[in-house]
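For reference, the chains in residue letters:
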Amino acid sequence: MARPQKDDADKREFTIRVRVTASEKLRIWEMAAEAGYTPSDFMRLRTMAATQPLRHKPTPERELLLNVMVELGKIGSNVNQIARSLNSRDETGQLTGIDIDEINQAMQGLDALTAQVLKLLS
């Protein structure tokens, strides 16, 4: 699924550069991480007194689960391609390859695992 397009007014196309020392940069990154924000959102929050930043930095557990979801999606795509290839028909119209029930079982298992991860993410 593609990311929705932003309105022109919501696009961030300008950069503001500020010189800081190495220790200042480290402190900004630490403060942002402690607050659970990205450094950019943390700076916006602190400098413009914004009420809510746009993103929270995901917790390590949530980030791990999101990565698992990405991998499950890739696995599901691969299983679908394999199933399609193995269930192609020969010249007589007969299925060639493995039993369709085995493929359905594998897909149901993947769907169940995906549902469990989604439940943990919510």
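Residues numbered from 1 in each chain as written. Predicted model: local features only at pLDDT ≥ 70, side-chain atom pairs only at ≥ 80, totals over all residues. Heavy atoms only, no water.

As recorded in an unreviewed UniProt entry, the protein goes by the name Plasmid mobilization relaxosome protein MobC, listed as coming from Spirosoma foliorum.

Looking only at helices and strands, the protein has four helices and zero strands in total. Its helices and strands in sequence order give the protein the pattern α-α-α-α, from N to C terminus. Counting across all 122 residues of the protein, residues that qualify as buried make up 15%. Counting only contacts in the protein whose residues sit at least 6 apart along the sequence, the fraction spanning at least 24 positions is 33%. Of the roughly 10,500 Å² that the protein leaves accessible, carbon and sulfur atoms contribute 55%. (Helix = DSSP H or I, 4+ residues; strand = E, 2+ residues; numbered from the N terminus. Buried < 20%, exposed > 50% of the residue type's maximum accessible area, 1.4 Å probe, protein only. Contact = heavy atoms within 4.5 Å. Areas by Shrake-Rupley, 256 points an atom, 1.4 Å probe, with all protein chains shown as cover.)

Running from N to C, helix α3 (residues 60-86) and helix α4 (residues 100-121) point in directions that differ by 165°, and their axes come no closer than 10 Å. One way to sum up the angle between α3 and α4 is to call them roughly antiparallel. Considering only the axes of α3 and α4, their crossing is left-handed. Seen from α3, the contacting residues are Arg62, Leu65, Leu66, Val68, Met69, Leu72, Ile75, Gly76, Val79 and Ala83; seen from α4, they are Ile103, Met107, Leu110, Leu113, Thr114, Val117, Leu118, Leu120 and Leu121. Considering only residue class, the contact of α3 with α4 consists of 16 nonpolar, two polar and one charged. (Axes fitted to C-alpha atoms, helices over the stretch in contact; angles between N-to-C directions. Parallel < 35°, antiparallel > 145°, perpendicular 65-115°, else oblique. Left-handed = near helix turned anticlockwise from the far one by under 90°. Nonpolar A, V, L, I, M, F, W, Y, C, P; charged D, E, K, R; others polar.)

As a further point, take the pattern of salt bridges. Evaluated as defined, the whole model comprises three salt bridges. For arginine 44, the salt bridge goes to aspartate 41, with nearest N and O atoms at 2.5 Å. Highlighted residues: arginine 44 and aspartate 41, both in helix α2 (residues 39-48), separated by three residues, approximately one helical turn. A residue is classified by how much of its surface remains accessible, and arginine 44, at 23% relative accessible area, is partly exposed. Among the residues examined, aspartate 41 registers a relative accessible area of 2% and is labelled buried. Between lysine 74 and glutamate 71 there is a salt bridge, and its shortest N-O distance comes to 3.5 Å. In this pair, lysine 74 and glutamate 71 are both assigned in helix α3, three residues apart and thus about one turn of the helix distant. Given a relative accessible area of 40%, glutamate 71 falls into the partly exposed group. (Salt bridge = Lys/Arg side-chain N within 4 Å of Asp/Glu carboxyl O.)

The residue threonine 38 is located in the loop between α1 (22-35) and α2 in this model. A polar contact of 3.2 Å, which involves the side chain of threonine 38, links it to the backbone nitrogen of aspartate 41. (Polar contact = N/O pair within 3.5 Å; in protein donor to acceptor, adjacent residues only side chain to side chain.)

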